Amino acid sequence: MEITGIISAIVIGIIIGVLGRLVVPGRQHIGVIWTILIGIVAALIGAAIASALGVADTKGVDWIEWLIQIALAALGVTALDRAKAGHR
């Protein structure tokens with residue numbers, strides 16, 4: 001993977017992670033790095049799911065792919081927050 005691919009993954013991960021975190025109601029007790037990592041993973045898995053469903057490459061903005069990625073990020077944020085809450 002080239003440096004531009006890594007930077008793109010980080011930027012997309014930040015966006016997806018933050019959007020996923022905004023969707024989850026209440027305050028989450030996870031850090032920024034976890035939010036970014038969850039966003040990156042959600043972006044990758046969401047892209048694969050969108051591709052499998054045939055909605056990854058559409059004309060214009062790929063809204064369905066974005067919604068899948070944000071939903072996965074929200075699930076990831078919620079899961080990690082609940083896992084961390086269990087350890088407090």
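Nothing here was measured: the structure is a model prediction, and the numbers come from that model. In this convention, every chain numbers its residues from 1, walking through the sequence in written order. A pLDDT threshold of at least 70 governs which residues receive local features in this predicted model, and a stricter bar of 80 or more applies before side-chain atom pairs are shown or counted, although totals over entire chains, interfaces and linings include all residues. Values reported for side chains reflect all heavy atoms of the structure, with hydrogen atoms and water molecules removed beforehand.

Novice: Sorry if this is basic, but what is going on with the nonpolar core here?
Specialist: Inside soluble globular proteins, nonpolar side chains tend to come together where they are buried. Nonpolar cores are built from buried Ala, Val, Leu, Ile, Met, Phe, Trp, Tyr and Cys residues. Side-chain atoms within 4.5 Å join them into one set. We call a residue buried when its accessible area falls under 20% of the maximum for its residue type, exposed when it is over 50%, and partly exposed in between, using a 1.4 Å probe and counting protein chains only. Among the nonpolar cores identified, the biggest contains 11 residues, and these are I16, V24, I30, I38, A42, A43, I70, A73, A74, V77 and L80. In this description a helix means any DSSP run of H or I spanning at least four residues, a strand means any run of E spanning at least two, and both kinds are numbered starting from the N terminus. Contributing elements (two or more residues each) for this core: α2 (32-53) and α3 (63-86). The greatest single-element share of this core, amounting to five residues, is contributed by α3. Sequence-distant contacts of I70, that is, excluding residues within four places in its chain, are made with I16, L19, G20 and V23. By definition, residues are in contact when any of their heavy atoms lie within 4.5 Å.

Novice: Mind showing me how you'd approach the environment of L44 here?
Specialist: Note that L44 resides in helix α2. Classification of L44 as exposed rests on a relative accessible area of 59%. Taking the C-alpha atoms as reference points, L44 and Q69, 25 residues apart in sequence, are found 8.0 Å from one another.

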